[in-house]
Amino acid sequence: MQVALDLKEEILELKRERNAIILAHNYQTGDIQDVADYVGDSLGLAYQAKATDAEVIVFCGVHFMAETAKIVNPTKTVVLPDKDAGCSLEQSCPADQLEAFLKENAEKNYYVIAYINCSGGVKALCDVICTSGNAVKIVNLAPADRPILFVPDANLGAWVMEQTGRKMDLWQGACYVHVEFTRDSINGIKEEYPDALVVAHPECTQAVRLLADEVCSTEKMVDYCKNAPVNDIIVVTESGMLHRLKRECPDKNLIPGPTDRCACADCRYMKMNTMEKLRNCLRDLSPTVEMDEETRKRAELPLLRMLEQSK
């Protein structure tokens, strides 16, 4: 225990020395969430990254999130604890493939909406970015006279179509964690807790979303669980969210949604970050996130458009 305390103190001291801010996604491990200045979803983290006056941004999440912080803070040092913390959604939509598709379909004049879980290169090809928290709003604000291409998450895109009634062409990407939840695995846990409500992330498949009482972003899950009229709530998203929810909703019995293989779902990329790596990246200011300026500028426009439209 003393080692853990010493490590936390070391991180906090390095943070002061570096004039740094520590941003952590809801899917990070509990010890990292507890040492962070801000814990939230992609939208909240994007606002925090844009607003900070810290000289160093330590992003405890995955690579595209740290890259997003760099896009809106080109003169600041942005580091992430593990440079290999990637994302299956980002990997499912390489920028060169999207660029080729848009050229092949140039006559369609697509309005391209990119879920924030994508690379800076993909963001640079898009008209506007969205998160799971604001996707419905962003799609409702899209030009009515242009077809929409939604990349890269087909499950989120399908859910947004259900909410808005707006037809979109969907890139066939998926979050490998959220598609591991199945109708059978969620029905099984519902049988164990027949009075429980189910809250699920829109990256889940339609079969799972149909079983949920509420489908929403991780940030909106906090309010849903706080205000739920029952004690038992089955939470169908990545396991790290349970730490945040237990802290903010201590009176609720929060049950991790299981997959067919295990009692909860971990993102192997989110869990690559550790307290030791967090300490090291603050100490060494490495690994840093770098972008070529032309791509960064092009990626910044749709990001700022999202922040403006989300107010």
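That block above? That's the structure.
Quick caveat, the model's predicted, so the values are computed rather than measured. (Residues numbered from 1 in each chain as written. Predicted model: local features only at pLDDT ≥ 70, side-chain atom pairs only at ≥ 80, totals over all residues. Heavy atoms only, no water.)

A. Layout of the packing of aromatic side chains. This model, assessed by the stated rule, comprises three aromatic pairs. Taking the centre distance of 6.1 Å and the plane angle of 25° together, the rings of F101 and Y110 count as stacked. On the basis of relative accessibility, which here comes to 25%, the residue F101 falls in the partly exposed class. For Y110, a relative accessible area of 7% translates into the label buried. Judged by centre distance (6.2 Å) and plane angle (90°), the rings of Y176 and Y269 are edge-to-face. Of this pair, Y176 sits in the loop between β8 (168-170) and α10 (183-192) while Y269 sits in the loop between β12 (253-256) and α14 (275-284); the two residues are 93 residues apart in sequence, bridging distant segments of the chain. The burial state of Y176 is the same as that of Y269; both residues are buried. In textbook terms, an aromatic cluster arises when at least three aromatic residues are bridged by ring pairs, as seen for F101, Y110 and W171. Sitting above the plane of the Y176 ring, R268 keeps its charged end 4.3 Å from the centroid. (Phe/Tyr/Trp six-rings, centres within 6.5 Å; stacked < 30°, edge-to-face > 60°. Buried < 20%, exposed > 50% of the residue type's maximum accessible area, 1.4 Å probe, protein only. Helix = DSSP H or I, 4+ residues; strand = E, 2+ residues; numbered from the N terminus. Lys NZ or Arg CZ within 6 Å of the ring centre and 35° of its normal.)

B. Quick look at the pattern of salt bridges. Applying the stated criterion across every chain, the model contains 18 salt bridges. The salt bridge involving D169 is made with K167; its shortest N-O contact spans 3.2 Å. The exposure class assigned to K167 is exposed, which follows from its relative accessible area of 62%. Its salt-bridge partner being E238, residue K271 comes within 2.7 Å of it at the nearest N-O pair. In this pair, K271 is assigned in the loop between β12 and α14 and E238 in the loop between β11 (232-236) and α13 (241-248), connecting sequence segments 33 residues apart. Salt bridges here are not isolated pairs; linked through shared partners, they connect E219, K226, R244 and E248. (Salt bridge = Lys/Arg side-chain N within 4 Å of Asp/Glu carboxyl O.)

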